[in-house]
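Each chain, written out:
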Amino acid sequence: MITPTGAAAGTALGRKPIDWKRLGLTFMSRYGTIFGLLLMIVFFSIMAPTTFFSRANFLNILSQASLTAIIASGLTYTLVVGEFDLSVGFVASFIGLIVVGFMSYQGMPVWLSIPAALAVGICLGLINGALVTKVRINAVISTLGLGTMLTGIGFSYSAFPIAAGIPRAFTNLSLGRVFGVPNPVYFMAGILLVLWVILNKTDIGQKMQAVGSNIEAARLSGIRVDRIKMFAFATAGFCAAITGTLLSSLLGSGTLGVGDGYLLDAFAAVFLGSATLREGEFHIVGTFVGVLILAVGFNGLAILGAPTNFQPIFKGGILILAVGMSALARRLAASS
């Protein structure tokens, strides 16, 4: 009598054999980013134990990650509804310039300049949303076009950095600390928490996910798709405006183009996040993990004395890896 073993035994009992390759790919698509983050922390801690593995440096990493996390969280909302926003870096630069200009050129107080600048950021997001939903211009074209226009408008407003007449209360927004923790970390934590609650615990958040999952089914179910997309773009504009404001506060000046580089960082973080814990879905927790991967990588390379040209190589490589892992996660989700 022959006794079936292994896969044959599973088949004999009516069960499918275990697909170890698929299990491994599924694990990597969900937890690979977290595993990679932990590996980086261990590696840099071994290579620079006294410098990297310290409370002061971890606070520094969180502080450096805070602005990227804020702008990336707003970008996450647009990707959740199935759209792109290539203007967030330009919006951050523009708002960073005019918020300082409001105080220096127009003589507005801090308490009025910041809300006014944030309101402009929301309006820019609404303009993006209107161009996409009402005029029906492709999101990539419309947001990139608006962002390019903002560069010209900002240059017309001030061709040189604005550094005069900035109150200390404004610079303290980014340079101040509470219980030893930099203020931007608190801003990041608060914004991420609010956006996570909206996306996961409210009716509008469920509608956003429905629109991104199947726009036609969402429309047929009575969801006002255009309004949901407008809300997502407005949120992205608001978060970009906060990032620009905090960046100008950190630098102590309003400088044209200073926030443009956050666009690539934000996209890399969001796509890394979509391959974290979920199979190809954009979400706030994943975006935060993606931001930490970038921040830990940049910080560790700097501590180890890596040449400056390594940073763009690392950033570009992470973006390619992020999109690849996200695509893999989506394929696995579709085939399951």
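Fair warning: this is a prediction, and the values are worked out from it, not measured in the lab. Sequence order as written defines residue numbering, which begins from 1 separately in each chain. Selection of residues for local features in this predicted model requires a pLDDT of at least 70, selection of side-chain atom pairs for listing and counting requires 80 or more, and totals for whole chains, interfaces and linings are taken over all residues. Hydrogen atoms and water are omitted, and side-chain values are computed over all heavy atoms in the structure.

A.B. asks: Hey, could you run me through the environment of E216 in this one?
C.D. replies: Inspection of the secondary structure puts E216 in helix α10 (residues 215-220). Think of a polar contact as two N or O atoms within 3.5 Å of one another; within protein, one of them needs to be a possible hydrogen donor and the other a possible acceptor, and neighboring residues in sequence only count if both atoms come from side chains. Side chain to side chain, E216 and R219 meet in a polar contact 3.1 Å long. The secondary structure listing takes helices from DSSP runs of H or I that are at least 4 residues long and strands from runs of E that are at least 2 residues long, numbered from the N terminus.

A.B. asks: How should I be thinking about the pattern of salt bridges in this particular structure?
C.D. replies: Side chains carrying opposite charge are able to pair once their charged atoms draw close together. Any Lys or Arg side-chain nitrogen located within 4 Å of an Asp or Glu carboxyl oxygen qualifies as a salt bridge. What the rule picks out here adds up to five salt bridges. Among the salt bridges present, the one from D226 reaches R136, with a minimum N-O distance of 3.6 Å. In this pair, D226 sits in helix α11 (residues 225-251) while R136 sits in the loop between α5 (110-133) and α6 (139-157), placing the two residues 90 residues apart along the sequence. Throughout, exposure labels follow a simple rule: accessible area from a 1.4 Å probe, protein chains only, divided by the maximum for the residue type, with under 20% read as buried, over 50% as exposed, and the rest as partly exposed. Given the relative accessible area of 18%, D226 is considered buried. With a shortest N-O distance of 3.1 Å, E216 and R219 are connected by a salt bridge.

A.B. asks: Explain the packing of helix α9 (residues 203-213) against α11 here, please?
C.D. replies: A pair of packed helices can be characterised by two numbers: the angle between their axes and the separation between those axes. Note on geometry: axes are C-alpha line fits, over the in-contact stretch for helices, and angles between N-to-C directions span 0 to 180 degrees. Two numbers describe how α9 lies on α11: the axes approach to 10 Å, and their chain directions differ by 105°. In terms of orientation, α9 lies roughly perpendicular with respect to α11. Residues I204, K207, M208 and V211 of α9 form the contact with α11, whose participating residues are V225, I228, K229, F231 and A232. Classification used: nonpolar for Ala, Val, Leu, Ile, Met, Phe, Trp, Tyr, Cys and Pro, charged for Asp, Glu, Lys and Arg, polar for all others including Gly. Looking at the contact of α9 with α11 residue by residue, the classes come out as seven nonpolar, no polar and two charged. Orientation categories follow fixed angle ranges, with anything under 35 degrees roughly parallel, anything over 145 roughly antiparallel, 65 to 115 roughly perpendicular, and all other angles oblique. Note on contacts: a residue pair qualifies if any of its non-hydrogen atoms lie within 4.5 Å across the two residues.

A.B. asks: Explanation requested: the packing of helix α7 (residues 168-175) against helix α8 (residues 183-201) in the structure shown.
C.D. replies: Where α7 meets α8, the closest approach of the two axes is 6 Å, and the angle between their N-to-C directions is 70°. Here α7 is positioned roughly perpendicular relative to α8, judged by the angle of their axes. Contact with α7, carried on its side by N172, L173 and S174, involves N183, P184 and F187 of α8 and no other residues of that element.

A.B. asks: Honestly, the side chain of S253 in this entry has me stumped. Any pointers?
C.D. replies: As for its placement among the helices and strands, S253 is situated in the loop between α11 and α12 (262-274). Among all residues touching S253, those that are not within four sequence positions of it are V100, I162, A163, I166 and S248.

A.B. asks: How should the packing of aromatic side chains be read in this particular structure?
C.D. replies: Each aromatic ring pair is summarised here by two numbers: the centre-to-centre distance and the angle between the ring planes. The aromatic pairing rule takes the rings of Phe, Tyr and Trp, using the six-membered ring of Trp, and pairs them if the centres are within 6.5 Å, calling planes under 30 degrees apart stacked, those over 60 edge-to-face and the rest tilted. Inspection of the entire model under this criterion finds 10 aromatic pairs. Among the aromatic residues, those joined into a ring-pair cluster are F43, F44, F52, F53 and F58.

A.B. asks: Whenever I open this one, a nonpolar patch on the surface confuses me. Can you help?
C.D. replies: Within this analysis, patches are made of residues with over 30% relative accessible area and no salt bridge. Like charges are joined at 9 Å or less; nonpolar side chains (Val, Leu, Ile, Met, Phe, Trp, Tyr) at 5 Å or less. With residues, only the protein chains shown are counted as cover, and all accessible areas are computed by Shrake-Rupley using a 1.4 Å probe. Together, V42, F43, I46, M47 and L304 make up a nonpolar patch on the protein surface, roughly 490 Å² of accessible area in all. Its place among the elements puts I46 in helix α2 (residues 20-47).

A.B. asks: Help me understand helix α13 (residues 284-303) in this model?
C.D. replies: For an α-helix, the turn length of 3.6 residues means that residues three or four places apart are oriented alike. The end-to-end C-alpha separation of α13 is 28 Å, in line with the 28 Å expected for 20 residues at 1.5 Å each. Burial within α13 is extensive, with 16 of its 20 residues counted as buried. Positive backbone phi, at 80°, marks G305, one or two positions downstream of α13. Residue count minus one, scaled by 1.5 Å, sets the expected span of a helix.

A.B. asks: When you look at α12 in this model, what are you seeing that I'm missing?
C.D. replies: Here α12 spans 18 Å end to end across 13 residues, near enough to the 18 Å set by a 1.5 Å rise per residue. Residues of α12 that are buried: Y262, L263, D265, A266, F267, A268, A269, V270, F271, L272, G273 and S274.

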